[in-house]
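Observations on the three-dimensional arrangement
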Amino acid sequence: QVQLVESGGGSAQSGGSLRLSCAASGVDSRYCMGWFRQAPGKEREGVAAIDSDDTTTYTDSVKGRFTISRDNTRNTLYLQMNILKPEDTAMYYCAARRWSGVCRGPRLSRYDYDHWGQGTQVTVSS
């Protein structure tokens, strides 16, 4: 059974960095993986996604600052967040889904995922 556990969240200053990790038990390289975030009063939005070939996609607001990667041997998903801004403050969630065959093309819609972690809080102060 799939279980996703996020870690690495916390407080950072504007311009600082954090690295989030997602321990993904029951997940292999065939899964689509992604990071999502939700701030108070806002919808959950896709931040970054990665497919089975390590092709990635990002929402425009984080492109050039965030990097998603996966370690299939250790079944771990990462999100390196650099040049953090107060607007990045949110609860960050790890997501996964196994489709037929390998994941062909990263998916950034929350409706494309059926496995979710409980989230890790990221707070960025100005």
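For the structure itself, look to the data block above.
A brief look at the structure comes next. (Residues numbered from 1 in each chain as written. Predicted model: local features only at pLDDT ≥ 70, side-chain atom pairs only at ≥ 80, totals over all residues. Heavy atoms only, no water.)

Points about the pattern of salt bridges
Between side chains of opposite charge, a pair can form as their charged atoms come close. Within this structure, the stated rule accounts for 7 salt bridges. One salt bridge in this structure joins Arg37 and Glu45, with 2.7 Å as the shortest N-O distance. For Arg37, a relative accessible area of 5% translates into the label buried. Residue Glu45 is classed as partly exposed on the basis of its relative accessible area of 33%. When the shortest N-O distance is used, the salt bridge between Asp88 and Arg37 registers 3.0 Å. Remark: Arg37 occurs in strand β4 (residues 32-38) and Asp88 occurs in the loop between β8 (76-81) and β9 (90-97); sequence separation between them is 51 residues. Residues joined by salt bridges that share partners form a network here, namely Arg37, Glu45, Arg65 and Asp88. (Salt bridge = Lys/Arg side-chain N within 4 Å of Asp/Glu carboxyl O. Buried < 20%, exposed > 50% of the residue type's maximum accessible area, 1.4 Å probe, protein only. Helix = DSSP H or I, 4+ residues; strand = E, 2+ residues; numbered from the N terminus.)

Here's the deal with the sheet that holds strand β7 (residues 66-71)
Within the open sheet, the 4 strands sit side by side as β1-β3-β8-β7. Their pairing is antiparallel. The sheet is open, and its two borders are formed by β1 (3-7) and β7, each paired with just one other strand. Put simply, the sheet's adjacent strands are angled 15° from each other on average, direction ignored. Summarising the sheet, strand β3 (residues 18-25) and β8 pair through 6 bridges and their orientation is antiparallel. Across the sheet, residue Leu18 finds its bridge partner in β8, namely Met81. (Pairing = 2+ DSSP bridges. Axes fitted to C-alpha atoms, helices over the stretch in contact; angles between N-to-C directions.)

Read these as spatial facts, not as claims about activity.
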